[in-house]
Amino acid sequence: MTFTKEMLKKRIDVAAGRVPADLVIKNGKVVNVFTREIITEDVAIVDGYIAGTGKFEGIETVDATGKYVVPGFIDGHVHIESAMVTPPEFSNVVLPHGVTTIIADPHEIANVSGTAGIDYMLESSENIPLDVLLMLPSCVPSTPFENAGASLEHTDLEPYYSHPRVLGLGEVMDFPSVLYKEDKMLDKVIDAAEKNKHIDGHASGVDEDGINVYMAAGIRTDHECVTAEEALVRMRKGMYVMLREGSAAKDLVTLLKAVNEENARRCLFVTDDKHLDEIIDEGSIDFNIKTAIREGLDPVLAIQMATLNAAECFGLKTKGAIAPGYEADLLLLHDLESIHIDRVYKSGKLAADNGEVIQTAKTFAAPLPIVTDSVNIGPVSPEDVKIRMMEGKMANLIGIRPKMIVTKHLVEEVDVVDGHFQPSIEKDQLKIAVIERHYRTGNIGLGIIKGLGIQHGAIASTVAHDSHNIVAAGTNDTDLLKAIQKTADMKGGLAVVEGGKVIASLPLPVAGLMSDMNYRLTNAQIIKLNESLKQIGCSMDFNPFITLAFLALPVIPELKLTDTGLFDVKTFQHIDIEAVGVK
C-alpha cells in the first residue's frame, strides 16, 4: 500500500485524538506481546494500521468487552502446494484460523515448473486478503541424485529479490553443497546476503558441527528438528527454531520440551506441509498454539511465539504486535486457553467471523500450459516394475516411521518367486515405484517398503517431495500400474485402485500439485480418498498419501527412493535393493 503524507497526517491526528479513527476496537483485553501483559484498552485503526492504544473514538466501533485482542498469527514456513489448493483458496482456508501472514516457499512448484512456477505463485497471491511473503527456492533440484522438472541457478533467482514480497532464500537443504563450498550454492547464498535478505535452513540430521557451518554461512533458521536436544543445539548457536506441526511431520509436542521462559524468544511456529483436510478439521498455526498451551506453555508466551517472534525473525517491522504504527491484523478471542477465534481483522477490515471467511479471495486466472501440462510419461509395462532378486532373499527396505518423514534402513528377508520380489501383506512388505514424469526419460526407481499398511490394491500420486515425480505403492503390479496411469491421465493427482478399478481420485492439474477447484470441492474429494484408503485396508493411524509423498525425498534420513533408484541418505549414494552378502 502506498503511504502518502496525507495518510501520515491522518494517522498522527488519530493518534493525538484530534480526529476519530476509522475503526475502534473498544474495551478489549489486549495481549501485549512485548511485555506479556494483558491490558484492557481500545485499539484505534486508520487506513489499515493501528494509530494508538488507550482511549479512542471512531467512526465505527466494535465492542470487544470480555474478548481478548491478539495479533494475527504468522506461519513462518509453509508450502502452499502441500494443501493442494491455489493461493487464493489457501487464503480462504487459513484466515478463519487467525493466520493473516505466511512465509511461503514455492519450492514444490518450482521443482516442477521452474521460474514459471514462482511467477504463478506470486501472481496468484497478489491482492488477496492473506499476506503471502515468499522465500526463493534454493535447491531446485533438491539434490543431483534425481530428476526434477527444472534447475534454478542464482542468476534465475536474483531478479526476484526486487519484488516487495520476496524476503530471501528458502530452505537450504543441500547441506553437502554448503559444507564442501560448491560454487552454485555459494553464489545463491552470497546473492541473498549482499541484498541483506534472510536465508532459511533445512538441517535434517545435521549435528552440532554442521550447525556451525550453517550459521557461519549466514543461515539462520531450521524447521527440521525432531528432538528437543536438536532444538537446543540450534538455539544455543543463535538460530531461530521453527516448531513444526504438519501432516507428515508431527514434531511439536517433542520439541516443546526444549522451550522455556528463557529461550522461547528464539522459537516460532510453522506448518511446513499440511494437507487441506487437516487444516479445515484441526487448524493451522492456531492448532500449534493450542497444542503448546495444552502441553503447559503460558498462553501469552505461545501467542508471542506465533506473532512477534515470527515477525522479528523475518524483519517484518510492522507485523506481529498490537501497537501504534503496526498493521491492523488482529483477532478477537473468546479465551486464551482454547484459542476460540471470534473474529479476524486483516488490515483493519473484518476478514472472518465465527469460523467463516468474509474477505473471500478471488480465484486467479488459469496458469500457463508449462504449469498445467506437467505430467509427461511413456507407457509403463509389467516388466518395468519387476524387482529382480538374483543373489538371495535379503533386501534393503525403507522402514516407515508413522507420523515422521524420517525412515529406517531395514534389512530383511523377503519373498522371492521366479527370481523376483513378491509383495507380502503378512510381512507388510510392499512394492514402491518412482516414475520420472517431467522429461519422459523412462527412469523408474523401484524399492520395497515396510509399514505402509495397505492390505490390497495400490495408491499413486504426483505429490512426491521434492522433485514430484510419480510415486506409487501397492500389493500387486496390476493395481500399481493402473494407479500410475490414472495420475498421468489426470495431468497429475492422487489415485486409489483396487481390483483393477480406480475407486477414488483427486485431479491436481496445477503442476500436479494443486487442484483448480475451490477448497470445499477439493476437500470433499479428499474425504472420498480417505474413505477409499480404509476400503483397501489402511488403519488410518497415519495417512498413506502423506507418508508416500516423503518417501522420495533424498535429503531426509535414512533410506529413500528416487527415479534413479534406492538412496542411502547417510552415505549420500545409491544402493542396491538386494542386500548382497547378508544372511
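Residues numbered from 1 in each chain as written. Predicted model: local features only at pLDDT ≥ 70, side-chain atom pairs only at ≥ 80, totals over all residues. Heavy atoms only, no water.

Draft legend 1. The overall build of the chain, seen in detail. The helix and strand tally for the chain stands at 17 helices and 30 strands. Computed over the C-alpha atoms, the radius of gyration of the chain is 24 Å, within 12% of the 25 Å expected from 2.2 N^0.38 for a compact globule of 583 residues. Counting only C-alpha atoms and orienting by the principal axes, one finds that the chain spans roughly 90 × 50 × 45 Å. When burial is assessed residue by residue, the chain has 61% of its 583 residues classed as buried. Contacts in the chain between residues at least 24 apart in sequence constitute 68% of all its contacts with a sequence separation of at least 6. Each charge sign in the chain was given a centre, from 55 positive and 83 negative side chains, and these centres are 3 Å apart. (Helix = DSSP H or I, 4+ residues; strand = E, 2+ residues; numbered from the N terminus. Rg over C-alpha atoms; globule rule 2.2 N^0.38 Å. Buried < 20%, exposed > 50% of the residue type's maximum accessible area, 1.4 Å probe, protein only. Contact = heavy atoms within 4.5 Å. Lys, Arg positive; Asp, Glu negative; His and termini not counted. Charge placed at Lys NZ, Arg CZ, Asp CG, Glu CD.)

Draft legend 2. Highlighting the pairing of strand β19 (residues 407-413). In this structure, strand β18 (residues 394-400) lies alongside β19, joined through seven bridges in antiparallel fashion. Counted as the bridge partner of I398 is H409 from β19. Joining the antiparallel neighbours β18 and β19 is a turn of six residues, in which K403 adopts a positive phi near 65 degrees. (Pairing = 2+ DSSP bridges.)

Draft legend 3. Region of interest: a nonpolar patch on the surface. Among the surface-exposed residues, F3, L8 and I12 lie close enough to one another that they form a single nonpolar patch of about 270 Å² accessible area. Inspection of the secondary structure puts F3 in the segment before α1 (5-15). We classify F3 as partly exposed; its relative accessible area is 44%. (Patch = residues over 30% accessible without salt bridge, like charges linked within 9 Å, V, L, I, M, F, W, Y side chains within 5 Å. Areas by Shrake-Rupley, 256 points an atom, 1.4 Å probe, with all protein chains shown as cover. Salt bridge = Lys/Arg side-chain N within 4 Å of Asp/Glu carboxyl O.)

Draft legend 4. Broad picture of the pattern of salt bridges. Scanning the model with the defined rule gives 35 salt bridges in all. D329 serves as the salt-bridge partner of K319, at 3.6 Å between the closest nitrogen and oxygen. Taken together, the positions of K319 in the loop between α13 (299-313) and β14 (330-333) and D329 in the loop between α13 and β14 put the pair ten residues apart, joining distant regions of the chain. Look at D329 and you get buried, because its relative accessible area is 6%. Where salt bridges share partners, they join D131, K319, E327, D329 and K346 into one cluster.

Draft legend 5. Local environment of the nonpolar core. If you look at the biggest cluster of nonpolar residues, it comprises 168 residues, and the most contacted ones within it are F73, F90, I102, Y214, L243, F269 and I289. Looking at this core element by element, the count peaks at seven residues for α13. Apart from residues no more than four positions distant in its own chain, F269 is found in contact with I74, D75, G76, L243, L252, I285, N288, I289, A292, A302, M305 and A306. (Core = buried A, V, L, I, M, F, W, Y, C linked by side-chain atoms within 4.5 Å.)

Draft legend 6. Examining the side chain of T271 more closely. Looking at the secondary structure, you find T271 in the loop between β13 (267-270) and α11 (276-282). With relative accessibility at 3%, the residue T271 sits in the buried group. At 2.5 Å, the side chain of T271 forms a polar contact with the side chain of D75. Not counting the four nearest positions on each side in its chain, T271 is found in contact with D75, H77, V78, R244, E245, G246, S284, I285 and N288. (Polar contact = N/O pair within 3.5 Å; in protein donor to acceptor, adjacent residues only side chain to side chain.)

Draft legend 7. The UniProt feature "domain: Amidohydrolase-related" (unreviewed entry) in the chain, seen in detail. UniProt tags residues 68-350 as "domain: Amidohydrolase-related" (unreviewed entry). The span residues 68-350 is 35% helix and 20% strand, and its two end C-alpha atoms sit 16 Å from each other. (UniProt positions renumbered as here; feature names shortened; annotations may be inferred.)

Draft legend 8. Broad picture of the UniProt feature "domain: Adenine deaminase C-terminal" (unreviewed entry) in the chain. Taking the numbering used here, the UniProt-annotated feature "domain: Adenine deaminase C-terminal" (unreviewed entry) corresponds to residues 405-573. This span, residues 405-573, is 21% helix and 34% strand, and a straight line between its end C-alpha atoms measures 19 Å.

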